[in-house]
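So the chains spell out like this:
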Amino acid sequence: MTRPSLRSLVGLALVAALAACGGTNATAGDGGFPSTPLSSVASTGGALNVSVYTAPEQPPVRGVVSIRYVVKEASTGTPVDGLTLELTPWMTAMGHGASVTPTVQALGQGIYDVSNVDMFMPGPWQLRTTFSGSVNDTVNPTVQVQ
Amino acid sequence: LSDGGPQGCAQPYGATLYNTAGTDDDCKYQTSWSSTPIMENANTTFFFTAIHTADGTPASGANVYAEVFLPSANHLSPTANPPAVETPPGSGVYTIGPVVFDQPGQWTVRFHLHQECRDFLPNSPHGHAAYYVNVP
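Conventions and cut-offs
- Residues numbered from 1 in each chain as written.
- Chains lettered and ligands numbered in written order.
- Predicted model: local features only at pLDDT ≥ 70, side-chain atom pairs only at ≥ 80, totals over all residues.
- Heavy atoms only, no water.
- Core = buried A, V, L, I, M, F, W, Y, C linked by side-chain atoms within 4.5 Å.
- Buried < 20%, exposed > 50% of the residue type's maximum accessible area, 1.4 Å probe, protein only.
- Helix = DSSP H or I, 4+ residues; strand = E, 2+ residues; numbered from the N terminus.
- Contact = heavy atoms within 4.5 Å.
- Pairing = 2+ DSSP bridges.
- Axes fitted to C-alpha atoms, helices over the stretch in contact; angles between N-to-C directions.
- Buried area = accessible area lost by both parts, 1.4 Å probe.
- Salt bridge = Lys/Arg side-chain N within 4 Å of Asp/Glu carboxyl O.
- Polar contact = N/O pair within 3.5 Å; in protein donor to acceptor, adjacent residues only side chain to side chain.
- Nonpolar A, V, L, I, M, F, W, Y, C, P; charged D, E, K, R; others polar.
- pLDDT = per-residue confidence, 0-100.

## Details of the nonpolar core
- Counting residues in hydrophobic clusters, the biggest one holds 28 residues, and the most contacted among them are Ile 67, Tyr 69, Val 71, Met 119 and Phe 131 of chain A.
- Elements with a minimum of two residues in this core: strand E2 (48-55), strand E3 (63-73), strand E4 (84-91), strand E7 (111-119), strand E8 (123-132) and strand E10 (142-145) of chain A.
- When neighbours within four sequence positions are excluded, Tyr 69 of chain A is seen to be in contact with Val 50, Ser 51, Val 52, Leu 85, Leu 87, Gly 110, Ile 111, Tyr 112, Leu 127, Thr 129, Phe 131 and Pro 141 of chain A.
- If you look at the next biggest cluster of nonpolar residues, it comprises 24 residues, including Trp 33, Ala 66, Leu 113 and Ala 129 of chain B.

## Observations regarding the sheet that holds strand E1 (residues 39-42) of chain A
Residues and elements named next belong to chain A.
- Read from one edge to the other, the open sheet built from five strands follows the order E1-E2-E3-E7-E6, with strand pairing classed as antiparallel. Across the chains shown, the open sheet's two edge strands, defined by having one partner strand only, are E1 and strand E6 (103-108). Direction aside, neighbouring strands of the sheet carry axes that sit 25 degrees apart on average.
- Judged from the five bridges that link them, E6 and E7 form a sheet pairing that is antiparallel. Residue pairing in the sheet places Gly 108 in a bridge with Ile 111 of E7.

## Examining the sheet that holds strand E1 (residues 21-23) of chain B
Residues and elements named next belong to chain B.
- In space, the five strands of this open sheet follow the order E1-E2-E3-E7-E6, with antiparallel pairing throughout. Of all strands in the sheet, those bounded by a partner on one side alone are E1 and strand E6 (84-86). The sheet shows a mean angle of 25 degrees between the axes of neighbouring strands, taken without regard to direction.
- Note: strand E3 (residues 43-52) against strand E7 (residues 93-100), six bridges, orientation antiparallel. Each residue of the ladder has a partner; that of Phe 47, found in E7, is Thr 95.

## Here's the deal with the interface of chain B and chain A
- Contacts between the two partners involve 21 residues from chain B, matched on the other side by 18 residues from chain A.
- In total, chain B and chain A occlude about 1,600 Å² of area from one another, counting both sides; carbon and sulfur atoms represent 55% of this.
- Three residues, Asn 74, Leu 76 and Gln 115 of chain B, lead the burial of chain B against chain A; their summed loss comes to 32% of the area buried on that side.
- If you look at where chain B meets chain A, you find zero salt bridges.
- Taken together, chain B and chain A are joined by five residue pairs in polar contact (both at pLDDT 80 or more).
- Elements with a contribution of two residues or more to the side of chain B that touches chain A: strand E4 (65-70), strand E5 (75-76) and strand E8 (105-113) of chain B.
- Among the elements that take part in the side of chain B that touches chain A, E4 of chain B stands out by supplying three residues, more than any other.
- Split into classes, the residues belonging to the side of chain B that touches chain A amount to eight nonpolar, eight polar and five charged.

## Focus: the confidence of the model for chain B
Residues and elements named next belong to chain B.
- For chain B, per-residue confidence averages 89 on the pLDDT scale, and 91% of positions sit at 70 or higher.
- Within chain B, E7 carries the highest mean pLDDT (98), whereas E5 carries the lowest (94).
- In the predicted structure, residues 1-10 sits below a pLDDT of 50 and forms 24 contacts with residues beyond four places in sequence or in another chain.
- For this predicted complex, the interface score ipTM comes out at 0.74, while the overall pTM is 0.78.

Below is the structure:
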């Protein structure tokens, strides 16, 4: 009987780790987001339905957070790609936002990940978001930061 | 990029201050700061003092939070939410740290007071004062 090589053991461990992580907790594109959205909102103009996810925690904990939007046409449910998205985290109760600008990455299938969202105080934060391109619309979901 | 800057009273934050003393954005507090030596990738401790503008008493129990970022790089300090302890209690002097500046440049440290209080009314104790901090 041959002894397993170190390379094969490492490979098995990697496969096991990936299996343990699984794909069930991630939406398409993964990135540590849960499978269930924190909320889903209709855009102000009614053109879009936007599902909101947060990572690394959902609901978010104070600090730097990532936001995932899954954007679909309200009328058909078709994912909407190619939009330009701007997000400003805003703490309405305090009258101020964050001091760094979030970074947006489009992943396709209507998925837009926004990183570097600094929600540094606990309480309600409004995610003031503008979509432009083939659809011009806004959403302002509120998340409760722990 | 909203680092405060020279924006005026209608903006969420007032101007970021040079030097080490000045009022908060709403003139509720007289604030000042000092620190241990400031170097890249070293632990820095801040000593932040706040007194009430109205009567000169120490702003004790102000639940201070220091927001530390490098505006030119759109970058936050890796030491998010550094602990702030009023030392001694009742003094209005807060020891905050460790704070790490992981890049050289002109950083902003914005001290928030009474972050737990909403800021709807003019007499809310919520306030903030921001200072430039140069990291060699």
